[in-house]
Amino acid sequence: MKRVVVGLSGGVDSSVAAYLLQEQGYEVIGLFMKNWHDEEVTISNECPWLEDSNDALLVAEKLGIPFQTVDLSEQYKERIVNYMFNEYEKGRTPNPDVLCNREIKFDVFMKIALSLGADYVATGHYCRKGIIEQDGKETYQLLAGVDGNKDQSYFLCQLSQEQLAKSLFPIGELTKPQVREIAAKMELVTAEKKDSQGLCFIGKVRLPEFLQQQLQPKEGLIYEVNADVPTYSEAAPQFSSVKEQLAYEAKNIDYKPEMAKVVGKHQGAHYFTIGQRKGLNVGGTKEGLFIIATNVETNSIYTGQGQNHPGLFRKALFIQEIEIHWVRKDLELNDGETMDVMVRIRYRQPLQKATLHKFDNGMYISFEEPQSAITEGQFAAWHIGDELIGSGVIS
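What comes next concerns the included structure. Since the structure is predicted, the reported quantities are computational estimates derived from the model, not experimental observations.

About the thresholds
Residues numbered from 1 in each chain as written. Predicted model: local features only at pLDDT ≥ 70, side-chain atom pairs only at ≥ 80, totals over all residues. Heavy atoms only, no water. Buried < 20%, exposed > 50% of the residue type's maximum accessible area, 1.4 Å probe, protein only. Helix = DSSP H or I, 4+ residues; strand = E, 2+ residues; numbered from the N terminus. Pairing = 2+ DSSP bridges. Salt bridge = Lys/Arg side-chain N within 4 Å of Asp/Glu carboxyl O. Contact = heavy atoms within 4.5 Å. Axes fitted to C-alpha atoms, helices over the stretch in contact; angles between N-to-C directions. Core = buried A, V, L, I, M, F, W, Y, C linked by side-chain atoms within 4.5 Å. Parallel < 35°, antiparallel > 145°, perpendicular 65-115°, else oblique. Left-handed = near helix turned anticlockwise from the far one by under 90°. Expected span 1.5 Å × (residues − 1). Bend = angle between axes of the 7 residues up to and from the residue. Phe/Tyr/Trp six-rings, centres within 6.5 Å; stacked < 30°, edge-to-face > 60°.

## Focus on the pairing of strand E11 (residues 300-305)
Part 1: The element E11 is extensively covered by neighbouring structure, given that 5 of its 6 residues are classed as buried.
Part 2: As paired elements, strand E8 (residues 220-224) and E11 share 3 bridges and run parallel to each other. Each bridged residue has a counterpart across the sheet, and for Glu224 the counterpart in E11 is Thr303.
Part 3: Here strand E10 (residues 289-295) pairs with E11 via 6 bridges, running antiparallel. By the bridge assignment, Asn295 is partnered in E11 with Ser300.

Set out below in structure tokens:
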């Protein structure tokens, strides 16, 4: 009998995952990960992890499976939180959920599970695992969840073949309403529970408040750039190579105060991200202001009016060599090769037509349509059909 350790989070998805595995005849063990207990950095007096671990325990009792809690807060702080602050200080916008899966759930947590004699680790993610036979050995595929509305393959875009080999995603074939229905039928305490928002670790905390407790405020200016500044209408130069053209299309515009007018003040460029429009507190413009660039060196923020402002759009992006990750190692590109794929640059964005161009120093992704708010530090994930085959950090 195969043994599976399920990461029970106290939510409905992982609860139903545990139940389904039990139905399929696995020996199931429930483990709750406690990732955070730094009392200084919580905002509210609620203690979400206590409530969540209690719900996880009740689910385990209902299903009659063994349950324990593991405290991973030290590894969490080291691998996720510190990384996040470093990235924000550099003016990049990291994705804690992708990292949490790569570094915690499918690494630290997985090692604990395997040490308990588990054959697999299972989570409540909306995605599926496929297996292809190649030359007598198995290659694993990371496939989109059946529920297009909830597909979470993006959050797992950094997983490796080794990690996928040991993973199970029991609810990938189901839609959210079906999952809730099963939970209700089984009278699981989590059946009606709302989906968790906020960071994957601090429960109810909103990111800006969390950052403000660690990164010192530093007053700076907010500039507005007109949509008709000459920079946007400059003709592209002549290119001597595809690589040169891609570099030009992927490059950030270097905004200067003389290209813009001052419209307000902010408390630190490192709190803000490209494409953001909330939290600027600048009024009096015809259309809402969107952030088109931040500069942590000069501590300035550049904005433009409306979601169609030319400063928001770029045709290409670059991923450094060390940041390129292939889920499907066998499809990896060599220097000079290209591949037509579908790409998303943030969770829930519809897939976009694009081409990968591999060079010695990294990879360019060029899009058929210019993309809004390409954000440094976020992950771009590329797909063929409903399979996610690789990803990388936007540089």
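## Description of the pattern of salt bridges
Part 1: For the structure shown, the criterion picks out 24 salt bridges.
Part 2: Linking Glu27 and Arg3 is a salt bridge whose minimum nitrogen-to-oxygen distance equals 3.1 Å. Taken together, the residues Glu27 in strand E2 (residues 27-34) and Arg3 in strand E1 (residues 3-7) connect sequence positions 24 residues apart.
Part 3: On the basis of relative accessibility, which here comes to 28%, the residue Glu27 falls in the partly exposed class.
Part 4: The exposure class of Arg3 is partly exposed, given its relative accessible area of 26%.
Part 5: A salt bridge links Asp195 to Lys176; the nearest nitrogen and oxygen atoms lie 2.7 Å apart. Of this pair, Asp195 sits in the loop between helix H6 (176-185) and helix H7 (207-212) while Lys176 is found in helix H6, placing the two residues 19 residues apart along the sequence.
Part 6: Residue classification places Lys176 among the buried positions, given a relative accessible area of 9%.
Part 7: Salt bridges here are not isolated pairs; linked through shared partners, they connect Asp13, Lys150, Lys176, Arg180 and Asp195.

## Details of the environment of Leu221
Part 1: Note that Leu221 resides in strand E8.
Part 2: Taking the C-alpha atoms as reference points, Leu221 and Ile301, separated by 80 residues in sequence, lie 6.5 Å from one another.
Part 3: Apart from residues lying up to four places away in sequence, Leu221 is in contact with Val262, Gly264, Lys265, His266, Asn299, Ser300 and Ile301.

## Quick look at the sheet that holds strand E3 (residues 67-71)
Part 1: With parallel pairing, the 5 strands of this open sheet are ordered in space as E3-E2-E1-E4-E7. Bordering the open sheet on either side are E3 and strand E7 (167-168), each of which pairs with just one other strand.

## Quick notes on unusual backbone geometry
Part 1: Even without being glycine, Asp135 reaches a positive phi, approximately 45 degrees.
Part 2: Structurally, Asp135 is set in the loop between strand E5 (127-134) and strand E6 (137-144).
Part 3: The exposed category is assigned to Asp135, whose relative accessible area is 81%.
Part 4: The backbone phi angle of Glu187 is positive, close to 55 degrees, even though this residue is not glycine.
Part 5: The exposure class of Glu187 is exposed, given its relative accessible area of 59%.

## A look at the sheet that holds E8
Part 1: Spatially, the 4 strands line up as an open sheet ordered E9-E8-E11-E10, and their pairing is mixed. Lying at the two open borders of the sheet, with one neighbouring strand each, are strand E9 (261-266) and E10. Averaged over all pairs of adjacent strands, the angle between strand axes in this sheet comes to 30 degrees, irrespective of strand direction.

## Quick notes on the nonpolar core
Part 1: If you look at the biggest cluster of nonpolar residues, it comprises 51 residues, and the most contacted ones within it are Ile104 and Phe109.
Part 2: Listed by contribution, the elements that provide at least two residues to this core are E2, helix H3 (73-89), helix H4 (96-115), E6, H7, E10, strand E17 (379-384) and strand E18 (387-393).
Part 3: The contacts of Ile104, once residues within four sequence positions are left out, are Met33, Asn35, Leu72, Gln75, Tyr76, Ile80, Leu99, Phe109 and Met110.
Part 4: Within the second largest apolar cluster, 29 residues are counted, among which are Ala17, Phe32, Ile171 and Ala183.

## Some remarks on the pairing of E10
Part 1: E10 sits mainly inside the fold: 6 of its 7 residues count as buried.
Part 2: Between E10 and E11, which pair antiparallel and follow one another directly, the connecting turn spans 4 residues, one of which, Asn299, has a positive phi of 55 degrees.

## Focus: the packing of helix H1 (residues 12-23) against H6
When two helices pack together, their arrangement is captured by the angle between the axes and the distance separating the axes.
Part 1: Between H1 and H6, the shortest axis-to-axis distance is 9 Å and the interhelical angle comes to 65 degrees. The orientation of H1 relative to H6 falls into the category roughly perpendicular. Taken as a pair, H1 and H6 cross one another with a handedness that is left-handed. Contact residues: H1 offers Val12, Asp13, Val16, Tyr19 and Leu20, while H6 offers Lys176, Val179, Arg180, Ile182 and Ala183.

## A short note on the side chain of Gln378
Part 1: In this structure, Gln378 sits in the loop between strand E16 (362-372) and E17.
Part 2: Exposure remark for Gln378: the relative accessible area of 14% places this residue in the buried category.
Part 3: Sequence-distant contacts of Gln378, that is, excluding residues within four places in its chain, are made with Thr93, Pro94, Asn95, Tyr154, Ile345, Gly392, Val393 and Ile394.

## Things to note about H3
Part 1: An ideal rise of 1.5 Å per residue puts 24 Å on 17 residues; H3 measures up with 22 Å between its terminal C-alpha atoms.
Part 2: Approximately 25 degrees is the largest bend angle found in H3, and it occurs at Val81.
Part 3: Buried within H3 are the following residues: Ser73, Tyr76, Ile80, Val81, Met84, Phe85, Glu87 and Tyr88.
Part 4: Phi turns positive one or two residues past the end of H3, at Gly91, with a value near 85 degrees.

## Topic: the packing of aromatic side chains
Part 1: Using the criterion set out here, one finds 10 aromatic pairs in the structure.
Part 2: With 5.0 Å between their ring centres and 15 degrees between their planes, Tyr223 and Tyr302 make a pair best called stacked. Of this pair, Tyr223 sits in strand E8 while Tyr302 sits in strand E11, and the two are 79 residues apart along the sequence.
Part 3: On the basis of relative accessibility, which here comes to 10%, the residue Tyr223 falls in the buried class.
Part 4: An aromatic cluster is built from Tyr154, Phe155 and Tyr347, whose rings are joined through pairwise contacts.

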